[in-house]
Amino acid sequence: DAGITQSPRHKVTETGTPVTLRCHQTENHRYMYWYRQDPGHGLRLIHYSYGVKDTDKGEVSDGYSVSRSKTEDFLLTLESATSSQTSVYFCAISDGTSGSYEQFFGPGTRLTVL
Amino acid sequence: AQSVSQHNHHVILSEAASLELGCNYSYGGTVNLFWYVQYPGQHLQLLLKYFSGDPLVKGIKGFEAEFIKSKFSFNLRKPSVQWSDTAEYFCAVNLYGGSQGNLIFGKGTKLSVKP
């Protein structure tokens, strides 16, 4: 398995509180992604990064922000959590050098917003 | 907008039955194609991928998929399923030259294999 860790693995929080999820990789891959997975929706891209300090929005970016100050870390922040953000969040990485853009996934973070 | 369609939401099979899961995408250009599997409670793992060449791709655990360009399809097959294949399967497409290698995922097909 690719060296990807996510923290925390589980979190319960209350509506209106800020939450930060961390993705850490040891593969030195250029690209990093944040997805959310919800029943019936598959995986939807929230934000992605194509280099240190280079990020862009995905399909469902409203209510989320990201930061990447180092190659190995990609942070996802919910500024003010809402119940609709209850989900499982997956980080993924890709090196893109082969042109294949195969993505490797982390173990996920289950977030519950009460 | 480009999209990926997986026709079956939930498939139930008995062990040793053959499997075919459909995947269609809507994009006329060059694509890279992937099938991922997610076992219960786990993260997504790559089953197989297609970039170019032989349209019949073999992956891990006896799975294969065939890319039919004229049909915009990339169906997943396995001749004889096992109980351990119970999982959710996701088809994904990368639009060649598309934005930073982003993948577009289908909504997934849940496979339940009865022992």
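Read on for a plain summary of the structure. Since the model is a prediction, treat every value here as computed from it, not as a measurement. (Residues numbered from 1 in each chain as written. Chains lettered and ligands numbered in written order. Predicted model: local features only at pLDDT ≥ 70, side-chain atom pairs only at ≥ 80, totals over all residues. Heavy atoms only, no water.)

All names here are of chain B. In this structure, Leu33, Trp35, Leu47, Leu48, Phe74, Leu76 and Tyr89 are the most contacted members of the largest nonpolar core, which totals 29 residues. Of all the secondary structure elements, the ones that give two or more residues to this core are strand E2 (10-14), strand E3 (19-21), strand E5 (31-38), strand E6 (44-50), strand E8 (64-68), strand E9 (73-78), strand E10 (87-95) and strand E12 (109-114). The element that contributes the greatest number of residues to this core is E10, accounting for five residues. Those residues in contact with Leu47 that lie beyond four places of it in its chain are Trp35, Tyr36, Val37, Gly59, Ile60, Phe63, Leu76 and Tyr89. (Core = buried A, V, L, I, M, F, W, Y, C linked by side-chain atoms within 4.5 Å. Buried < 20%, exposed > 50% of the residue type's maximum accessible area, 1.4 Å probe, protein only. Helix = DSSP H or I, 4+ residues; strand = E, 2+ residues; numbered from the N terminus. Contact = heavy atoms within 4.5 Å.)

Quick look at the pairing of strand E1 (residues 4-7) of chain A now. Residue and element names in this part refer to chain A. Side-chain alternation along E1 places Ile4 and Gln6 on a buried face and Thr5 and Ser7 on a face that remains uncovered. By the bridge criterion, four bridges tie E1 to strand E3 (residues 19-25) in an arrangement that is antiparallel. Paired with Thr5 across the strands is His24, a residue of E3. (Pairing = 2+ DSSP bridges.)

The accessible area lost on association of the parts is a frequent measure of interface size. Taken residue by residue, the interface counts 21 residues in chain A and 21 residues in chain B. In total, about 1700 Å² of surface goes out of reach between chain A and chain B, with carbon and sulfur atoms giving 54% of it. Seen at the junction of chain A and chain B, the total is one salt bridge. One salt bridge in this structure joins Lys49(B) and Glu102(A), with 2.5 Å as the shortest N-O distance. Taken together, chain A and chain B are joined by three residue pairs in polar contact (both at pLDDT 80 or more). The set of elements that each furnish at least two residues to the side of chain A that touches chain B consists of strand E4 (31-38) and strand E5 (42-51) of chain A. Among the elements that make up the side of chain A that touches chain B, the one with the highest residue count is E5(A) (five residues). Of the residues contributing to the side of chain A that touches chain B, the split by class is 11 nonpolar, eight polar and two charged. (Buried area = accessible area lost by both parts, 1.4 Å probe. Salt bridge = Lys/Arg side-chain N within 4 Å of Asp/Glu carboxyl O. Polar contact = N/O pair within 3.5 Å; in protein donor to acceptor, adjacent residues only side chain to side chain. Nonpolar A, V, L, I, M, F, W, Y, C, P; charged D, E, K, R; others polar.)

What follows deals with the pairing of strand E8 (residues 73-78) of chain A. Residue and element names in this part refer to chain A. For E8, a buried count of five out of six residues is recorded, marking the element as mostly surrounded by other parts of the structure. With six bridges joining them, E3 and E8 adopt antiparallel strand pairing. Along E8, the bridge assignment pairs Leu21 with Leu76. Pairing between strand E7 (residues 64-70) and E8: five bridges, direction antiparallel. Note that in E8 the partner of Lys70 across the bridge is Asp73. As consecutive antiparallel partners, E7 and E8 are separated by two residues.

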